[in-house]
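Working through the structure, step by step
For reference, the chains in residue letters:
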Amino acid sequence: MKLKNNIGSILLFLLPTLAGLFLFKLYPIFSAVVQSVYTTQFFTGEKSFVGLQNYQSLFADPVFWNSLKVTLVFNLIINPLQIVLAFALAMLLNTKIKRIAFFRGIHFVPVAVSVPTACVLWNIMLSPEQGVVNSILVALGLDPQPFLGSSLQALGSIIAIASWKGVGYWSLFLLAGLQEIPGSLLEASSLDGASRWKQFVHVILPLMKRPLTFIVVAVTTANFLLFSPMYILTKGGPENSTNVLMLESFNNAFLYSDMGRSYAIMVILLLITLTVVALQFKWLRTSH
Amino acid sequence: MIPKQPVKRFAAWCAPMLAAAVLFTGCSQGAGTSADSSSSNGQGSSTSSATTEISFEAYSNYEKPLTKVVEAFEQQNPNIKVKMNLVPIDQLTETIEIKLSSKAEDLDVLFVDTPLVMNYSVKGYLEPLDSLIPADAKAKWTKSAVDTVSYKGELMAAPMNSSSQVLYYNKDIFKKKGIPFPDADKRMTWEEVRDLAKQLTSDNVYGFSFEQVDKAYQLLALSDSLSAKMLSDDGLVSSGYSNSPEAVKAFQFYADLFNKDKVSPKIKKEESIDYFTSGKVAMFVSTNQNMPKIRDSGLNFGVTLHPYFAGQKVATPTGAWNVGISKYSEHKEASAKFIKFLTLGEGAKILFKEGGTLPPQIDLLNSIDTDPKYEQFPDNVIRIAAKESRETAVPRPKTPGYLEWEKNMNKAFEDMKNGADPQKALDDAVHVIDNLLKKYKGVAAN
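The model shown is predicted, which means the values in this text are computed figures rather than measured ones.

What to know about the overall build of chain A
In terms of regular secondary structure, chain A is built from 15 helices and two strands. Burial statistics for chain A: of 288 residues in total, 41% are counted as buried. Sequence-distant contacts, at least 24 apart, represent 64% of the contacts inside chain A between residues at least 6 apart. Of the side-chain charges in chain A, 18 are positive and 10 negative, and the distance between the mean point of each set is 17 Å.

Thoughts on the UniProt feature "transmembrane region" (unreviewed entry) in chain A
Residues and elements named next belong to chain A. Mapped onto this structure's residue numbering, the UniProt feature "transmembrane region" (unreviewed entry) falls at residues 72-93, 105-125, 145-164, 212-233 and 263-284. Across residues 105-125 one finds 81% helix and 0% strand; the C-alpha atoms that close the span lie 24 Å apart. For residues 263-284, the end-to-end C-alpha separation is 31 Å, with 95% helix and 0% strand making up the annotated structure.

Description of the sheet that holds strand S9 (residues 281-287) of chain B
Residue and element names in this part refer to chain B. The strand order S8-S9-S7-S10 describes an open sheet built from four strands, whose pairing is mixed. Lying at the two open borders of the sheet, with one neighbouring strand each, are strand S8 (206-210) and strand S10 (301-304). Neighbour-to-neighbour, the strand axes of the sheet open up by a mean angle of 20°, direction not taken into account. The sheet contact formed by strand S7 (residues 165-170) and S10 spans four bridges and is antiparallel. Across the sheet, Asn170 pairs through a bridge with Phe301, a residue of S10.

Focus on helix H14 (residues 362-370) of chain B
What H14 of chain B keeps buried is the set Leu364, Leu365 and Ile368 of chain B. Buried residues of H14 of chain B, viewed axially, fall in a sector of 100°; they line one side.

Details of the UniProt feature "domain: ABC transmembrane type-1" (unreviewed entry) in chain A
Following the UniProt record, the feature "domain: ABC transmembrane type-1" (unreviewed entry) maps to residues 68-280 of chain A here. The span residues 68-280 of chain A shows a helical share of 75% and a strand share of 0%, and its end C-alpha atoms are spaced 20 Å apart.

The rules behind each value
- Residues numbered from 1 in each chain as written.
- Chains lettered and ligands numbered in written order.
- Predicted model: local features only at pLDDT ≥ 70, side-chain atom pairs only at ≥ 80, totals over all residues.
- Heavy atoms only, no water.
- Helix = DSSP H or I, 4+ residues; strand = E, 2+ residues; numbered from the N terminus.
- Buried < 20%, exposed > 50% of the residue type's maximum accessible area, 1.4 Å probe, protein only.
- Contact = heavy atoms within 4.5 Å.
- Lys, Arg positive; Asp, Glu negative; His and termini not counted.
- Charge placed at Lys NZ, Arg CZ, Asp CG, Glu CD.
- UniProt positions renumbered as here; feature names shortened; annotations may be inferred.
- Pairing = 2+ DSSP bridges.
- Axes fitted to C-alpha atoms, helices over the stretch in contact; angles between N-to-C directions.
- Arc of directions from axis to C-beta.

Below, the structure written as structure tokens:
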């Protein structure tokens, strides 16, 4: 009833958002799909229709498959890691101790630093020559590590940097969710003799399903599209060990002037992300 | 209760209007600026009374000399303003690529690396200069410089400077180790340099470093010395060339400096000159135009000739920056005026004097040979460079896909520095490169 009366003003409220959504989200997706079946000619700069040729050449290219593998491995590690860490951090920040506001403040500092700044900072700290991290390792009697210079450690280093930067942000949403849990529920469960772990599994977790769904989906999409750390720190190296699809797409567009191929990669990346997110929604569907 | 209702209503209507207002102001602002720029564009090309602003995409290393050039140019041409966008080398090609592939009009004059002249020409990024600069201009540059900036008989960019490399060394470190200074006129072999570097390496001091760590421009001197060819004649195949046995041997030497001999620091190009000027590196192969920087750092240094492999060809790097005009520029006349000033007129002299770079202009080159100033150390560096560029320089490979070739080779060099096997790194690189070069079929190099 009420909804019907206000439908006009609701639409009016939503208009800017819907317009933005169409202009900045849906139209580019549509455009990318269209552009991915075209290729640009030299000299004239004209576009010509090539059908699925861009996709065919991608599937025949080991560089693409390697890039796909790196993207999937990266997301398989970083997403669960960030979600678990963010949850743990949120639980810590939710404890009732003195000066908790101070801790809530400092955990947010990495979030406030911009991604390029964070990358440049960590690049200096992780430098194999005179980096502070290696100095600490050496002082502790350990061997210095190559970090971003090694094909075995580079992806791990980027995961660590991205998580350092991202976890604080995601934990905010979870903290908000935790604070919504009525204290009486926890009290009641502990009176019933529930251990902390049981309390967590049977009381907190079910009540956190909504914020968790948001976090899982947001973290996944953010990390599938993560690009700047690889671009700034490794450029996909060493030995293509950090060459994620986003970077490969960027290189094709802006270094190798192959827009069609770049769009084809974007479309594939979009399909993968959509599939993963759809599955996540299915598994985490809330009952209320 | 009663006063709450109207307030709610008011808010309900106000918010969307506010949002709409924000949107509209956003739009009108955008429209305003674009209208402004188009009107100034129109005036710039038709009447000379209004000021024209041209945008110049330049490599940040040239900030000091180029600022002086621009100052002098603006003084002579009060109605043209030059806006310099200084970009570090790693971002320069990308910035240009992004702007020109989107046909941006806010880019007028740009730096063009010699091997990229063909790449930019093929993509239609550059305005041919033949009709924009005087016909006798070509005779004022060296023939080789003119050749490198021409494509299909047309001048696509104007040569701004050239470069060569010399071996700088830190005299204090040599003295401390009791090792005699290298002979200024005798060219050392790479093997001698390596052995010397081993003796000079100790705690916190590395024996040797390249200036352009991981960069093809400088490292090609190694493979050129072994007469390795990097690409097929049509410039479209790297497999069998860039990973030939000679190339592998040359770059194995590079990889060993870091991993086996451990005489070179695993640093990036941006750090290399500071490592030398702060005394962390004893020998430093670097470009001639770094002399003013090294001299001003107060380092006690000497100079000798660029090394080569024992019993092999003497090969030195060479490369140049040229300036071109964007095809999409709306100020081509003004841009041409600036280019003439920078590459033919007074600007060329300023750049030579302030930047210490090797000039492609015949009269300036002659002055290096005759002016007694260049007999004295350290100014003799430029005379050495001029001689090397005439006698031993090997230009970089000619291919429409130079950008693709270079980016992937640089990656391979970096991997080798970090411990990858050179054979494998090069094999992987040529595979990627050949795939990327396919699209240039039909636009052969020659």
